[in-house]
Amino acid sequence: MLRKITTVGMYGLAVLWLFPLLWAVWTSFRPRELATSWSLSADFTLDNFAKVWDAAPFDQYYINTFLIVTGILVAQMITATLAAYAFAKLQFWGKDVLFVLFLVQLMVPADILIFPNYNVLRDLSLLDTKIGIMLPYFASAFGVFLLRQTFKTIPHELEEAARMEGCSWFQILWRVYVPLAKPTYIAFGLVSVSYHWNNFMWPLIITNSVENRPLTVGLAIFAQSFETGAQWAEVSAATVMVIFPLLLAFLLFQRQFINSFIHSGVK
Amino acid sequence: MGELRAKWKVNMYAWLLLLPSLIFLLLFTFYPVIQTFILSFHQADLGSPEPFFNGIDNYKQMVEDEVFWKVLTNNIWFAIGTVPTSVALALGMALFANKALRGKSFIRTAYFYPTVVPMIAVANIWLFIYTPEYGALSHVMEWFGKGDMNWLGDQKNVMWAMIFMVIWKEAGYFMIFYLAGLQNISQELYESASMEGASSWTVFRRITFPLLMPTTMFVSIIAFTNSFKLVDHLVIMTKGGPDNASNLLLYYIYETAFSFWDQGMASALTIVMVVLLLLVAAFQFFGMDKKIHYN
């Protein structure tokens, strides 16, 4: 009996969780004058999307977001791989101190340091640049810890064998560790991509031109240009447009994504 | 002699590998915090063209500032409201999604997808949900014959509205960590428990929950940091209002720094937040670490 109630409750929760998305999608296809009513008519339109696309340079925003997300991901993968290998496999002077320094970044992430980092960017004359949006995130303690866990599980014998074959350290890293940690890279990659695709506060502060503004900031500016709820349909359309690419990618790869997470040994 | 050289080589090697991460860590975490610490003892606002030393004036002013206390209290309530609930819900979701017989991937998708939706988009959607008269919640309240409520415009309701929305946004993300944790528990433990005829509650209490402790600790730290980090929605939904009822520390820093241009005060506020986060993290880390079984 209790089990049945739980089951029904958990399915109910799933429906409750899906509701905001379904409602936003539904509203985005409704004619403007019907957007606030709950009448179930068969009126659907693409007007809202057309209007939104004309009203703001969303194509430029998409490109900016894409470049920013890719830049951060590539840099993070490189820095995290190198650091994770050192922490997982080498004994060296100052290891514990450095490990704590990395832990601190997990507790005090760049997002919280919006004001101090604004000053750093200003001193570097990098305000309102794409590289400025990316730089504070080039090192990721989260990525380092995730990869370190995985590297630790890779037996030392593999490395020894590769060394016998005459592989250099870089070849060992590239041919032994990186391929074996593939699920962790996928899991971290998706977390990183969705995080930076969605990041808002930091780019809001340091950008003020269309050339550098990402989708989230563009969407906020678009949504705030409306005073009342009369343009719900348009704002919903813009919102759906912004969340669609990531959502689609997630739906297509959700099995791999969740499995990589499970197999990456995140504990 | 040879051993010493080999040791030195490994040391250099390790530091070189860590160097790229370290540069960015120093430049965007440690250096800014130190600079901000220094700036927090200076008067640096629109009225002072050159920042000058003013001792602990900023901190004094902060202690007397009612808005600061309100924002801090709000943030603590926000953390209390979101962290335990979303972590517990995530555990429930993971247990269910792990075992669900029908629609496993549907269930996981439904729980998880809010994670990939930007907070700013979430804010747009939930703004409509919470809107009086036209919003979804108002429609639902109408069905139940309840009067209309102004969720975001009322000081008493706005924090609840935010807490609920953030739980919706985050629980699915934490569920993934629990799903991973569940996979790592050996099946033999469950088999021997069922041989002894243990009830499912006992199994949960004696096996599953204790073995998931490391996951719980990790997730709690992330959830707690998030409760100070998540402020994007305030820009769209309330701007911290009404009368600062939904304002949070980071948003207050943002206003102080970029709307009022009071850099000395923004620095002092940032230092308070950093100290607070580190203290709680240290407490979580050292306090909980002893009680955890690492497998």
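Residues numbered from 1 in each chain as written. Chains lettered and ligands numbered in written order. Predicted model: local features only at pLDDT ≥ 70, side-chain atom pairs only at ≥ 80, totals over all residues. Heavy atoms only, no water.

Some points on the overall build of chain B
And then number 1: Regarding its fold elements, chain B presents 13 helices and 2 strands.
And then number 2: In summary, chain B has a C-alpha radius of gyration of 24 Å against a globular reference of 19 Å for 295 residues, an excess of more than 25%.
And then number 3: C-alpha atoms of chain B, sized along the principal axes, occupy 85 × 75 × 30 Å.
And then number 4: By residue count, 55% of the 295 residues in chain B fall in the buried class.
And then number 5: Within chain B, residue pairs in contact and separated by at least 24 positions form 68% of the contacts whose partners lie at least 6 positions apart.
And then number 6: Counting every atom, chain B has about 14,100 Å² of accessible surface; 66% of that belongs to carbon and sulfur.
And then number 7: Seen as two clouds, the 18 positive and the 20 negative side-chain charges of chain B have centres 15 Å apart. (Helix = DSSP H or I, 4+ residues; strand = E, 2+ residues; numbered from the N terminus. Rg over C-alpha atoms; globule rule 2.2 N^0.38 Å. Buried < 20%, exposed > 50% of the residue type's maximum accessible area, 1.4 Å probe, protein only. Contact = heavy atoms within 4.5 Å. Areas by Shrake-Rupley, 256 points an atom, 1.4 Å probe, with all protein chains shown as cover. Lys, Arg positive; Asp, Glu negative; His and termini not counted. Charge placed at Lys NZ, Arg CZ, Asp CG, Glu CD.)

Re the overall build of chain A
And then number 1: For chain A, the count of helices and strands is 13 helices and 0 strands.
And then number 2: Put simply, chain A runs from its N terminus to its C terminus through helices and strands in the order α-α-α-α-α-α-α-α-α-α-α-α-α.
And then number 3: On C-alpha atoms alone, chain A measures out to a radius of gyration of 23 Å, which is more than a quarter above the 18 Å that the 2.2 N^0.38 rule sets for 267 residues.
And then number 4: Each of the three principal axes of chain A carries a C-alpha extent, and together these read 70 × 65 × 30 Å.

Focus on the environment of Phe151(A)
Residue and element names in this part refer to chain A.
And then number 1: Tracing the backbone through its elements, the reader meets phenylalanine 151 in helix 7 (residues 141–153).
And then number 2: Once the C-alpha coordinates of phenylalanine 151 and isoleucine 112 are considered, the two residues, 39 residues apart in sequence, prove to be 30 Å apart.
And then number 3: Aside from chain neighbours lying at most four places away, what touches phenylalanine 151 is Thr81, Ala84, Tyr85, Ala88, Lys89, Tyr177, Ala181 and Tyr185.

Topic: the nonpolar core
And then number 1: Of all hydrophobic cores here, the largest spans 204 residues; its most connected members are Phe58(A), Phe151(A), Tyr111(B) and Met175(B).
And then number 2: Of the residues forming this core, the biggest block, 19 residues, is contributed by helix 7 (residues 158–183) of chain B.
And then number 3: Residues lining this core come from more than one domain, with at least three contributed by each of domain 1 (1–29) and domain 2 (65–291) of chain B.
And then number 4: Residue contacts for Tyr111(B): discarding those within four places in its chain leaves Met10(A), Leu13(A), Ala14(A), Trp17(A), Met93(B), Phe96(B), Gly172(B) and Met175(B). (Core = buried A, V, L, I, M, F, W, Y, C linked by side-chain atoms within 4.5 Å. Domains from an automatic or database assignment.)

So, the interface of chain B and chain A
And then number 1: Taken together, the contact between chain B and chain A spans 95 residues of the former and 89 residues of the latter.
And then number 2: Taken together, the two surfaces of chain B and chain A that pack against each other cover about 8,500 Å², and 79% of this comes from carbon and sulfur.
And then number 3: The largest share of the area that chain B buries against chain A comes from Leu17(B), Phe28(B) and Phe128(B), three residues that together contribute 9% of it.
And then number 4: At the junction of chain B with chain A, the criterion picks out 0 salt bridges.
And then number 5: Here chain B and chain A share 11 residue pairs in polar contact (both at pLDDT 80 or more) between them.
And then number 6: Element by element, the count of residues in the side of chain B that touches chain A is highest for helix 1 (residues 2–39) of chain B, at 21 residues.
And then number 7: In terms of residue class, the side of chain B that touches chain A is made up of 68 nonpolar, 22 polar and 5 charged. (Buried area = accessible area lost by both parts, 1.4 Å probe. Salt bridge = Lys/Arg side-chain N within 4 Å of Asp/Glu carboxyl O. Polar contact = N/O pair within 3.5 Å; in protein donor to acceptor, adjacent residues only side chain to side chain. Nonpolar A, V, L, I, M, F, W, Y, C, P; charged D, E, K, R; others polar.)

Focus: the side chain of Ser267(B)
And then number 1: Mapped onto the secondary structure, Ser267(B) falls in helix 13 (residues 263–289).
And then number 2: Filtering out sequence-adjacent residues up to four positions away, Ser267(B) remains in contact with Phe115(A), Thr36(B), Leu39(B) and Ser40(B).

Quick notes on the confidence of the model for chain B
And then number 1: Here chain B averages 88 in pLDDT, and 96% of its residues register 70 or above.
And then number 2: Note on the complex model: pTM 0.90, ipTM 0.89. (pLDDT = per-residue confidence, 0-100.)

Points about the UniProt feature "transmembrane region" (unreviewed entry) in chain A
Residues and elements named next belong to chain A.
And then number 1: Feature annotation in UniProt assigns "transmembrane region" (unreviewed entry) to the following positions: residues 7–26, 61–85, 97–119, 131–151, 172–195 and 235–253.
And then number 2: In residues 7–26, helix accounts for 100% and strand for 0%; the two terminal C-alpha atoms are 28 Å from one another.
And then number 3: As annotated, residues 131–151 has a helix share of 71% and a strand share of 0%, and its two end C-alpha atoms lie 30 Å apart. (UniProt positions renumbered as here; feature names shortened; annotations may be inferred.)

Quick notes on the UniProt feature "transmembrane region" (unreviewed entry) in chain B
Residues and elements named next belong to chain B.
And then number 1: The UniProt record marks residues 12–34, 76–98, 110–129, 158–182, 203–224 and 265–286 with the feature "transmembrane region" (unreviewed entry), using the residue numbering of this structure.
And then number 2: As annotated, residues 158–182 comprises 100% helix and 0% strand, and the C-alpha atoms at either end are separated by 36 Å.
And then number 3: Across residues 265–286, helical content stands at 100% and strand content at 0%; the span's end C-alpha atoms are separated by 32 Å.

What about helix 5 (residues 114–123) of chain A?
Given 3.6 residues per helical turn, the α-helix brings residues three or four places apart onto the same face.
Residues and elements named next belong to chain A.
And then number 1: The buried fraction of helix 5 amounts to 8 of the 10 residues, a majority that puts the element mostly inside the structure.
And then number 2: Residues of helix 5 that are buried: Ile114, Phe115, Pro116, Asn117, Tyr118, Asn119, Val120 and Leu121.
And then number 3: Just downstream of helix 5 lies serine 125, where phi reads positive at about 55°.

Thoughts on the side chain of Arg213(A)
Residues and elements named next belong to chain A.
And then number 1: Locating arginine 213 in the fold gives a position in the loop between helix 11 (201–206) and helix 12 (215–224).
And then number 2: An unpaired buried charge is present at arginine 213: no salt bridge exists, and aspartate 128, the closest side chain of opposite charge, is 7.2 Å distant.
And then number 3: Reaching out from arginine 213, the side chain makes a polar contact with the side chain of tyrosine 61 at a distance of 3.3 Å.
And then number 4: Ignoring anything within four residues of it in the chain, the contact list for arginine 213 reads Tyr61, Asn64, Thr207, Asn208, Gly218 and Ile221.

A word on the packing of helix 4 (residues 95–107) of chain A against helix 7 of chain A
Residues and elements named next belong to chain A.
And then number 1: Taken N-terminus to C-terminus, the directions of helix 4 and helix 7 make an angle of 125°; their axes are 8 Å apart at the nearest point. As judged from the angle between their axes, helix 4 and helix 7 are oblique. Side by side, helix 4 and helix 7 meet where Phe99, Phe102, Leu103, Gln105 and Leu106 of the first sit next to Ala141, Phe142, Val144, Phe145 and Arg148 of the second.
And then number 2: The class makeup of the residues in the contact of helix 4 with helix 7 is 8 nonpolar, 1 polar and 1 charged. (Axes fitted to C-alpha atoms, helices over the stretch in contact; angles between N-to-C directions. Parallel < 35°, antiparallel > 145°, perpendicular 65-115°, else oblique.)

A few points about the packing of helix 5 (residues 119–130) of chain B against helix 7 of chain B
For any two helices packed against each other, the geometry comes down to the angle between their axes and how far apart the axes lie.
All names here are of chain B.
And then number 1: For the pair helix 5 and helix 7, the least separation of the axes is 11 Å and the interaxial angle reads 130°. Comparing the axis directions of helix 5 and helix 7 gives the class oblique. In this structure, helix 5 crosses over helix 7, and the sense of that crossing is right-handed. Residues Met119, Val122, Trp126 and Tyr130 of helix 5 form the contact with helix 7, whose own contacting residues are Ala161, Phe164, Met165, Val166, Trp168 and Lys169.
And then number 2: Its residues assigned to classes, the contact of helix 5 with helix 7 shows 9 nonpolar, no polar and 1 charged. (Left-handed = near helix turned anticlockwise from the far one by under 90°.)

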